[in-house]
Amino acid sequence: VVTRDDVEESLKAKWQYVKDKEQLLKDLHSQIEEIDQRLSVKQSERDYWLEYKNVGSKTQANKIMNLQKDIKELKDDLDTTTEYYRNALKAVKEENDRLVERHVELSKEQAPENAVRYLDKNSRREIEENEWLKEEIKVYQKEVNDLKASIQLLEEENIRLVTKLIDDRFQNLRV
């Protein structure tokens, strides 16, 4: 038996779980912004070193290549991380929706039972009597249908007998 407090506590736990996931998403967004800032810093460094390379410094060309490699790796990491967290968030939202829907269905199923439990004795007795009367109606309806079928068979037999009797009298009249 699940009480209203249990249902509310379960819903609060689910909502807290969603809030935690949203906070995690906010943290991820801040990390993404931080990575974007780092990326812009690296890109400005890259631009500086490209300009320096164009001036003719071959010794610094290796540093530029390494920085470009780092920028590419950072972009790849950012894309991979973003995609991972996007998929994780989608899965969490779907799971939360499914859990909330299941919880609502369970609450709907238990609502009549809970409502009956909190009624006074007279109301509960009326509900029980109503259920009993519904069962009795079904039994009586079946009996009525059986009796109607029997009546129809008897009427058909009576018609057949009366027809036979009339035919016999008609035969007797001819004789």
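Here the structure is a predicted model, which means the values were calculated and not measured. (Residues numbered from 1 in each chain as written. Predicted model: local features only at pLDDT ≥ 70, side-chain atom pairs only at ≥ 80, totals over all residues. Heavy atoms only, no water.)

As a further point, take the overall build of the chain. Counting its secondary structure elements, the chain contains three helices and zero strands. Relative to the 2.2 N^0.38 estimate, which gives 16 Å for 175 residues, the radius of gyration of the chain is 42 Å and therefore markedly larger than a compact globule would have. Taking the principal axes of the C-alpha coordinates as reference, the chain spans close to 145 × 55 × 15 Å. With the model as given, the accessible surface of the chain reaches about 15,100 Å², and the carbon-plus-sulfur share is 53%. Averaging the locations of the 33 positively and 40 negatively charged side chains of the chain gives two centres separated by 4 Å. (Helix = DSSP H or I, 4+ residues; strand = E, 2+ residues; numbered from the N terminus. Rg over C-alpha atoms; globule rule 2.2 N^0.38 Å. Areas by Shrake-Rupley, 256 points an atom, 1.4 Å probe, with all protein chains shown as cover. Lys, Arg positive; Asp, Glu negative; His and termini not counted. Charge placed at Lys NZ, Arg CZ, Asp CG, Glu CD.)

Moving on, we get to the side chain of Asn-96. By the secondary structure assignment, Asn-96 is in helix H2 (residues 61–117). Not counting chain neighbours up to four residues away, the residues in contact with Asn-96 comprise Tyr-17 and Val-18. (Contact = heavy atoms within 4.5 Å.)

Glancing now at the pattern of salt bridges. Under the criterion given, the structure shown has seven salt bridges. Here Arg-4 and Glu-8 are joined by a salt bridge, their closest N and O atoms 3.1 Å apart. You can see Arg-4 and its partner Glu-8 sitting in helix H1 (residues 4–55), four residues apart, about one turn around the helix. A relative accessible area of 63% means that Arg-4 is categorised as exposed. In this structure, Glu-83 and Arg-86 form a salt bridge, with 3.3 Å as the shortest nitrogen-oxygen distance. Note that Glu-83 and Arg-86 are positioned in helix H2 at a spacing of three residues, about one turn of the helix. Given a relative accessible area of 38%, Glu-83 falls into the partly exposed group. A residue is classified by how much of its surface remains accessible, and Arg-86, at 49% relative accessible area, is partly exposed. (Salt bridge = Lys/Arg side-chain N within 4 Å of Asp/Glu carboxyl O. Buried < 20%, exposed > 50% of the residue type's maximum accessible area, 1.4 Å probe, protein only.)

We now examine the packing of aromatic side chains. The full count for this structure, using the stated rule, is one aromatic pair. Seen from their ring centres, Tyr-84 and Tyr-85 are 5.1 Å apart, and the 70° between their planes marks the pair as edge-to-face. Look at Tyr-84 and you get exposed, because its relative accessible area is 55%. (Phe/Tyr/Trp six-rings, centres within 6.5 Å; stacked < 30°, edge-to-face > 60°.)

Among the surface-exposed residues, Glu-94, Asp-97, Glu-101, Glu-105, Glu-109 and Glu-113 lie close enough to one another that they form a single negatively charged patch. For Glu-105, the location among the structural elements is in helix H2. (Patch = residues over 30% accessible without salt bridge, like charges linked within 9 Å, V, L, I, M, F, W, Y side chains within 5 Å.)

Here we take up the environment of Lys-42. Relative to the helices and strands, Lys-42 resides in helix H1. Between the C-alpha atoms of Lys-42 and Leu-67, which are 25 residues apart in sequence, the distance is 7.2 Å. Residues within four places of Lys-42 in sequence aside, it is in contact with Leu-67, Ile-71 and Leu-74.

Looking now at the environment of Lys-108. Along the chain, Lys-108 falls in helix H2. Put simply, Lys-108 and Gln-23 are 85 residues apart on the chain and 31 Å apart in space, counted from C-alpha to C-alpha.

A few words on the confidence of the model for the chain. On average, residues of the chain carry a pLDDT of 89, and 95% of them reach 70 or more. Mean pLDDT values over the elements of the chain span from 88, in H2, up to 92, in helix H3 (residues 121–174). (pLDDT = per-residue confidence, 0-100.)

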